[in-house]
Structure formats: C-alpha cells, structure tokens
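Given next are the chains, with one letter for each unit.
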Amino acid sequence: MTILGVLLAGGQALRMGGGDKGSILLGGRPMMEHIIERAQTQVTTMIINANGDVRRFQNYGLEVISDVIEGFAGPLAGVLTGMEWAEINAPKVEWVATFPSDAPYFPLDLVNRLTAAVVNGDAELACACSNGWSHPVFGIWPVNLADHLRHAMVNENVRKIDDWTARYKLVEVEFSTEPFDPFFNVNTPENLVEAEKILALGKT
C-alpha cells in the first residue's frame, strides 16, 4: 500500500501549560523527533498537521499543513487534512496513517499490522488498541472517504472520531502492553517523568 503518514500536532497541550507537546524534551531531544523517526520507517511519505506559525517545525524537514476545518476541530480534522492533501499532492496515496505528537513509543510494526488487519478482515478502517482501550488516533484511513468525512464534519458537525468510524467496518488491532503500553502518551509533567523512565529501559 502507498501510505501518507500524518503527524497530528494540532492540539493546544493545555495540561502541559500550552504550546506544542512535540517540542518537549525527552532524552535531551524534542519528543517529536522520536515520533518522526518511528513513523517515517512505516509510511511512504509524511507531513505534519499543525496550526499557527509553521516555522516552529522547520527543523524537521517535513511539509506542515494547517487544518482544513477551522476552530481546532480535533484530530478528525487532521485526518481530513491528510486525506485532502493526498488527493491534491500525492494522487498515488491510497491510505493515510495518523500518529499523535504526544506518544513517543508506538510499535515499529504499527502500520504493517493495521494494514494487514484491514486486508485480512475485509474492513474499511483500522485502529490500535491495548489493554482494553481503543486508540483511534493511531489509525489508517482510506483517502477515498475524504468527501464523506468532509460532509460529516461540515454538514453534520461531527467531531468525535468514534462517531464517524461507527459508520464503517472498523477493525481494532490489539498490541501487547509488556514491558509498557506502547501507546503511553505524555499529557502531564508526571507523564513526562514516566516517559523518561521508559526511555531509560532501552526497550523502546
């Protein structure tokens, strides 16, 4: 499959005091660097979805695309942004894979397992899950649903990922939580301390 990776960096990080969570240092490097390194090995091409001044991401060497839906409409707006960017700029891309900017330890085989689950399960969408929890921001999305998603967001004011994915055949792929949950995310200063401990284990 030809896959566009979209790093969702449009959140406001209020619980971390505002700003970009991806710029927080983890192991002496911005957390976004860790995430980009893991994601780029799994996709064909990659962009960053973020709002505001794009110059703050210039060191990553990736194109930065603002939400196509205004008003901080959440990660679903980032999904649509990736889909519509692909339609115009990368017509061979069939799928969008999304990654949040606050979870630095997601599996290195994430996209392979999600795409395999779609094919083998005859599903339309796939997302990750662990320990009984669904992680819809770690998902793959067919570009050919872009018009349907835009209609849902603009005409029906759909904002929650689960509300939209419920309309389609979604498969959830279970990942192990040993030695830690790979979808652990950094939402608070306490989470950052835990993230440093995980990094120190050397098993990421």
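A quick note: this is a predicted structure, and the numbers were derived from the prediction, not measured. (Residues numbered from 1 in each chain as written. Predicted model: local features only at pLDDT ≥ 70, side-chain atom pairs only at ≥ 80, totals over all residues. Heavy atoms only, no water.)

(A) A look at the packing of aromatic side chains. Under the definition given, this model contains seven aromatic pairs. In this structure an aromatic cluster arises from ring pairing among Phe99, Phe106, Phe138, Phe175 and Phe183. Over the ring of Phe106 we find Arg38; its NZ or CZ atom is 6.0 Å from the centre of that ring. Taking NZ or CZ as reference, Arg113 lies 4.1 Å from the ring centre of Phe175, over its face. (Phe/Tyr/Trp six-rings, centres within 6.5 Å; stacked < 30°, edge-to-face > 60°. Lys NZ or Arg CZ within 6 Å of the ring centre and 35° of its normal.)

(B) Fine view of the sheet that holds strand β8 (residues 133–142). One open sheet accounts for seven strands, arranged β5-β4-β1-β6-β8-β7-β9; its pairing is mixed. Each edge of the sheet is formed by a strand with only one pairing partner; in this case those strands are β5 (63–65) and β9 (170–174). Across the sheet, the mean angle from the axis of one strand to that of its neighbour is 30°, orientation sign disregarded. As paired elements, strand β4 (residues 45–49) and β5 share three bridges and run parallel to each other. Bridge pairing links Ile47 to Glu63 in β5. Helix α2 (residues 75–89) rests against β1 (3–8), β4, β5, β6 (95–100) and β8 of the sheet, and its axis sits at about 145° to β1. (Pairing = 2+ DSSP bridges. Helix = DSSP H or I, 4+ residues; strand = E, 2+ residues; numbered from the N terminus. Axes fitted to C-alpha atoms, helices over the stretch in contact; angles between N-to-C directions. Contact = heavy atoms within 4.5 Å.)

(C) A look at helix α4 (residues 146–155). Along α4, the residues that are buried comprise Ala146, Leu149, Ala152 and Met153. Around the axis of α4, the buried residues are gathered within 130° of arc, so they sit on the same side. Those residues of α4 that are exposed and aimed more than 90 degrees away from the buried face are Asp147 and Asn155. Here the buried face of α4 lies against α2, β8 and α5 (161–165). Following α4 by one or two positions, Asn157 has its phi on the positive side, about 60°. (Buried < 20%, exposed > 50% of the residue type's maximum accessible area, 1.4 Å probe, protein only. Arc of directions from axis to C-beta.)

(D) Representation of the pairing of strand β7 (residues 125–130) in the model. Of all the six residues making up β7, six are buried; the element is thus mostly covered by neighbouring parts of the structure. Two strands pair when backbone bridges link them, and β7 and β9 are joined in this way by five bridges, in the parallel orientation. Counted as the bridge partner of Cys127 is Glu172 from β9. Where β7 meets β8, five bridges bridge the pair, whose relative direction is antiparallel. Each residue of the ladder has a partner; that of Cys129, found in β8, is Ser134. In textbook terms, the turn of a hairpin is the stretch between consecutive antiparallel strands, and for β7 and β8 this stretch comprises two residues, one of which, Asn131, has a positive phi near 50°.

(E) Fine view of unusual backbone geometry. The omega torsion across Glu178 and Pro179 is 5°, close enough to zero to call that bond cis. Tracing the chain through its elements places Pro179 in the loop between β9 and α6 (189–201). With a phi angle near 60°, Asn157 is a residue other than glycine that sits in the positive phi range. You can call Asn157 exposed: its relative accessible area is 54%.

(F) Representation of the nonpolar core. Counting residues in hydrophobic clusters, the biggest one holds 42 residues, and the most contacted among them are Ile48, Phe99 and Leu110. For this core, the elements supplying multiple residues, two or more each, are β1, α1 (31–40), β4, β6, α3 (110–120), β7, β8 and α6. In this view, Ile48 contacts Leu7, Ala9, Met32, Phe57, Tyr60, Leu62, Glu63, Val64 and Ile65; residues no more than four positions away in its chain are not counted. Formed by 29 residues, the second largest nonpolar core is a distinct cluster that contains Ala86, Ala90, Leu125 and Trp141. (Core = buried A, V, L, I, M, F, W, Y, C linked by side-chain atoms within 4.5 Å.)

Read these as geometric descriptors, not functional statements.
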